[in-house]
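Residue strings, one per chain:
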Amino acid sequence: MTRAAIKTEAAIKVISLRKDFGAFTAVRDVSFEVRTGEVLGFLGPNGAGKSTTMKMITGFLIPTRGRIRVAGFDVSRQPIEVKRRIGYLPEGAPAYDDMTATAFLDFIARVRGYNRRERRERVAAAINKANLGSVVHKPIETLSKGFKRRVGLAQAILHDPPILVMDEPTDGLDPNQKHEVRELIREMARNKAILISTHILEEVDAICDRAIIIAHGTLLFDDTPQQLLAMSTVHNAVKIRFEDEVPAAAEACLRRLDEVADVIFGISAGHLTVLPDGGASIVRRVTQLVRDEGWRIEEIYVESGQLDEVFRRITTRTEPVPGDIEP
Amino acid sequence: MSATGAILRRELGNYFATPVAYVFIVIFLVLSGVFTFYLGGLYERGQADLQPFFTFHPWLYLFLIPALSMRLWAEERKAGTIELLMTLPISVGEAVLGKFLAAWVFTGIALALTFPVWLTINYLGDADNPVILLSYFGSFLMAGAYLAVGACVSAFTRNQVIAFVISFVICFIFVLAGFPMVMDVFQGWAPQALINAISSMSFLGHFESITRGVIDFRDLIFFFSFIAAWLLANAIAVETRKSD
């Protein structure tokens with residue numbers, strides 16, 4: 001491989017990955033890439049194979065088939081080189097509970113081979129970044145779920161790794177903590193390749209440049225969150241709230257417009273949703289009609305799409321392949 | 001090697017951070033005192049040696065050492081920290097060695113704290129100090145053998161009680177290898193070569209020959225290769241079963 005090729009290779013490259021546990025296939029022929037400067041959201045229902053894939057990328061599990069390259073190193077051939085370059089937050093943020101956060105981070109820094117001065121600096125920086133300040137001298141077992149998660153986060157970013165793999169980094173955090181962690185991830189995203197798994201859909205929209213969806217071990221979607229939203233049946237739908245009842249002629253008039261697929265009445269009176277044909281932009285035509293007809297409306301807005309609906313549609317499309325037995 | 005050192009430090013710190021270390025040391029010291037002076041009859045023998053003291057070590061270790069080693073890997077599995085540990089840039093060998101050495105250093109500390117017994121015997125008479133020193137060394141080696149078994153067994157389960165019981169049983173077999181209680185199980189069906197091999201692996205046999213004050217390299221080689229073999233099995237167990 002030439003020098004130039006190494007430079008442009010993706011930070012994480014997963015090629016035809018497969019993992020079997022006995023007769024059960026947890027991950028089936030999954031391929032994707034994460035580039036530096038990119039935050040990739042890894043979506044999927046529980047048990048879809050997200051964690052298993054992450055465990056293989058970080059060298060904890062050995063793939064049944066397929067290859068993984070991290071920072072140009074093959075995970076199965078040079079696991080130590082790969083582990084040096086990855087910061088990993090495993091699911092549930094496991095840590096040595098009897099240690100204080102400082103002692104724990106110092107241990108991690110020692111294992112990563114830093115000398116005394118570097119350790120002090122690294123630990124202080126990680127504590128600062130993860131906002132651990134007030135609890136650093138308490139045993140980890142006494143900390144709240146949010147702080148425990150942040151200790152795990154501090155551990156993962158301690159060596160300022162070029163690649164971060166985080167399994168549900170915001171799971172169990174309150175809305176403020178979620179916001180903080182997302183800010184931190186966004187801040188770090190500029191010069192790192194970040195892979196986060198989540199089942200919180202707003203998170204993808206909030207911090208990810210790209211999303212992949214996996215279900216029953218199979219990769220089903222790999223594109224931007226915007227593209228994901230565009231797949232929603234309500235993408236570009238126009239919602240109208242009338243001041244009073246919906247005018248009698250409204251439904252028929254709206255249906256007659258070009259590129260309108262359907263008109264649906266809301267549950268409460270005065271609400272109406274106009275669905276476009278294949279996600280076409282119909283808002284101009286609808287507002288024009290409202291003006292022409294002189295309907296009195298409270299509000300009118302364009303729906304960008306509902307992620308949970310798309311997510312449900314994509315992930316329930318494929319059923320487990322017959323013959324697979326759940327473990 | 002810095003990773004092994006880091007793990008050694010952490011594990012050793014863990015013993016002292018919890019009551020385990022103090023409970024272990026106190027019980028070890030009290031029991032070895034009781035055994036030496038009452039059951040062993042140190043005063044009554046009228047000899048200035050520590051034979052009664054060392055005689056009971058294999059039996060003390062039998063239930064005390066599995067208590068020390070049972071948590072080494074089982075706890076990591078139970079808490080899920082094994083995933084953290086094995087995704088840090090260290091090899092399985094470094095981790096296995098670090099944990100084993102931590103437990104071994106700890107038993108070394110406990111053993112060193114029995115020094116009042118040594119002071120007593122020197123006060124009472126003209127003790128054969130080289131033999132005593134050699135016996136201490138032999139006892140320390142034997143403790144390492146128990147620990148290697150315990151650490152390996154601990155890697156197979158996430159349940160510390162199971163780790164304790166299985167380690168106890170395996171150590172018991174090795175303590176009594178060569179004695180009828182164990183040999184009768186193999187007698188009659190196993191080939192003679194296997195029977196000879198098992199009876200040559202008795203902890204008691206090798207330990208007693210060291211405490212007599214004879215340095216036989218076969219005893220040293222036995223303990224060191226025994227430890228190495230169990231640690232190798234430990235590493236394989238961790239590597240293949242870490243995610244179970």
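Residues numbered from 1 in each chain as written. Chains lettered and ligands numbered in written order. Predicted model: local features only at pLDDT ≥ 70, side-chain atom pairs only at ≥ 80, totals over all residues.

Let's talk about the overall build of chain A
A count of helical and extended segments in chain A gives 12 helices and 14 strands. The dimensions of chain A, computed from C-alpha atoms along their principal axes, are 75 × 50 × 45 Å. If you take every contact in chain A between residues at least 6 apart in sequence, the share linking residues at least 24 apart comes to 69%. (Helix = DSSP H or I, 4+ residues; strand = E, 2+ residues; numbered from the N terminus. Contact = placed C-beta atoms within 7 Å.)

Side note on the overall build of chain B
Scanning chain B from terminus to terminus reveals 15 helices and 0 strands. Here the C-alpha atoms of chain B give a radius of gyration of 19 Å, agreeing with the 18 Å that 2.2 N^0.38 yields for 244 residues. Expressed as lengths along the three principal axes of its C-alpha atoms, the size of chain B is roughly 60 × 50 × 30 Å. Among the 244 residues that make up chain B, the fraction classed as buried is 41%. (Rg over C-alpha atoms; globule rule 2.2 N^0.38 Å. Buried ≥ 20, exposed ≤ 12 C-beta atoms within 10 Å, placed from the backbone.)

Digging into the domain arrangement of chain A
The domain architecture assigned to chain A consists of domain 1 (3-230) and domain 2 (238-303). One C-alpha centre belongs to domain 1 of chain A, the other to domain 2 of chain A, and the line joining them spans 44 Å. (Domains from an automatic or database assignment.)

Comments concerning helix α8 (residues 92-112) of chain B
For α8(B), spanning 21 residues, the distance from its first C-alpha to its last is 30 Å, which sits close to the expected 30 Å at 1.5 Å a residue. Considered for burial, the residues of α8(B) that qualify are B:Glu94, B:Ala95, B:Val96, B:Gly98, B:Lys99, B:Phe100, B:Ala102, B:Ala103, B:Trp104, B:Phe106, B:Thr107 and B:Ala110. (Expected span 1.5 Å × (residues − 1).)

Focus on the nonpolar core
Formed by 136 residues in total, the largest nonpolar core has its most connected members in A:Phe104, A:Leu105, A:Ala154, B:Ala145 and B:Ala148. Tallying contributions element by element places helix α10 (residues 129-154) of chain B first for this core, with 11 residues. If near-sequence neighbours (up to four positions away) are discounted, A:Leu105 is found in contact with A:Val123, A:Ala126, A:Ile127, A:Ala154, A:Gln155 and A:Leu158. Counting 13 residues, the second largest nonpolar core, distinct from the first, contains A:Ala237, A:Ile240, A:Val246 and A:Val260. (Core = buried A, V, L, I, M, F, W, Y, C linked by C-beta atoms within 7 Å.)

Side note on the confidence of the model for chain B
All names here are of chain B. Scored by pLDDT, chain B has a mean of 89; 100% of the residues are at 70 or more. When pLDDT is averaged over each element of chain B, α8 comes out on top at 95 and helix α3 (residues 42-45) at the bottom at 74. The complex prediction reports pTM at 0.86, with the ipTM value standing at 0.89. (pLDDT = per-residue confidence, 0-100.)

Concerning the interface of chain B and chain A
Taken together, the contact pairs 19 residues of chain B with 20 residues of chain A. If one sorts the elements of the side of chain B that touches chain A by residue count, helix α1 (residues 2-17) of chain B sits on top with 6 residues. Tallied by class, the residues present in the side of chain B that touches chain A amount to 9 nonpolar, 8 polar and 2 charged. (Nonpolar A, V, L, I, M, F, W, Y, C, P; charged D, E, K, R; others polar.)

What to know about the packing of α10(B) against helix α14 (residues 203-211) of chain B
All names here are of chain B. Taken N-terminus to C-terminus, the directions of α10 and α14 make an angle of 160°; their axes are 8 Å apart at the nearest point. The angle between α10 and α14 falls in the class roughly antiparallel. Once α10 is placed against α14, the crossing between them reads as right-handed. Facing Leu134, Ser135, Gly138, Met142 and Ala145 of α10, the residues of α14 in contact are Phe203, Phe207, Ile210 and Thr211. (Axes fitted to C-alpha atoms, helices over the stretch in contact; angles between N-to-C directions. Parallel < 35°, antiparallel > 145°, perpendicular 65-115°, else oblique. Left-handed = near helix turned anticlockwise from the far one by under 90°.)

Focus: the sheet that holds strand β7 (residues 163-167) of chain A
Residue and element names in this part refer to chain A. Pairing is mixed across the open sheet formed by 6 strands, whose spatial order is β6-β7-β8-β3-β9-β10. The two strands at the open ends of the sheet, each matched to only one other strand, are β6 (86-89) and β10 (218-223). With strand direction ignored, the average angle separating the axes of adjacent strands in the sheet is 15°. On the sheet, helix α2 (residues 50-57) packs against β3 (39-43), β7, β8 (193-198) and β9 (210-215) and is oriented at approximately 150° with respect to β7. (Pairing = 2+ DSSP bridges.)

Some thoughts on the sheet that holds strand β5 (residues 73-74) of chain A
Residues and elements named next belong to chain A. The sheet built from 4 strands is open, its strands ordered β2-β1-β4-β5 with antiparallel pairing. With partners counted over all chains shown, the strands left at the sheet margins are β2 (24-34) and β5, one partner each. Lying on the sheet, α2 is in contact with β1 (12-21), β2 and β4 (65-70); it crosses β1 at an angle near 120°.

What to know about α1(B)
Helix length check: α1(B), at 16 residues, gives a terminal C-alpha distance of 22 Å against a target of 22 Å (1.5 Å per residue), a fit within 8%. If you check which residues of α1(B) are buried, you get B:Ala3, B:Thr4, B:Ala6, B:Ile7, B:Leu8, B:Arg10, B:Glu11, B:Leu12 and B:Tyr15. In the core, the buried residues of α1(B) are packed alongside α4 (101-111) of chain A together with α2 (20-39) and α8 of chain B.

Observations concerning unusual backbone geometry
All names here are of chain A. At alanine 93, a position not held by glycine, the phi torsion is positive, near 45°. Along the chain, the position of alanine 93 falls in the loop between β6 and α4. A positive phi angle, near 50°, is found at glutamate 168, a position not held by glycine. Residue position: glutamate 168 is located in the loop between β7 and α7 (175-188).

Some remarks on the packing of helix α5 (residues 57-69) of chain B against α8(B)
All names here are of chain B. Two numbers describe how α5 lies on α8: the axes approach to 10 Å, and their chain directions differ by 140°. When the axis of α5 is compared with that of α8, the two are oblique. Considering the relative orientation of α5 and α8, their crossing is right-handed. Of the residues in α8, those in contact with Ile65, Leu68 and Ser69 of α5 are Ala103, Phe106 and Thr107. Class assignment for the residues of the contact of α5 with α8 results in 4 nonpolar, 2 polar and no charged.

Let's talk about the confidence of the model for chain A
Residues and elements named next belong to chain A. In the predicted model, chain A carries a mean pLDDT of 86, and the fraction of residues at 70 or more is 94%. For residues 1-6, every residue scores under 50 in pLDDT, and the model assigns this stretch 2 contacts once sequence neighbours within four places are set aside. Scored below 50 in pLDDT, residues 321-327 makes 8 contacts in the model with residues more than four places away or belonging to other chains.

Re the environment of B:Phe223
Residues and elements named next belong to chain B. Mapped onto the elements of the fold, phenylalanine 223 is located in helix α15 (residues 217-241). Once the C-alpha coordinates of phenylalanine 223 and phenylalanine 172 are considered, the two residues, 51 residues apart in sequence, prove to be 16 Å apart. Sequence-distant contacts of phenylalanine 223, that is, excluding residues within four places in its chain, are made with Leu141, Met142, Gly144, Ala145 and His206.

Examining the environment of B:Val30
Tracing the chain through its elements places B:Val30 in helix α2. Taking the number of C-beta atoms within 10 Å as the measure of exposure, B:Val30 has 10 and is therefore exposed.

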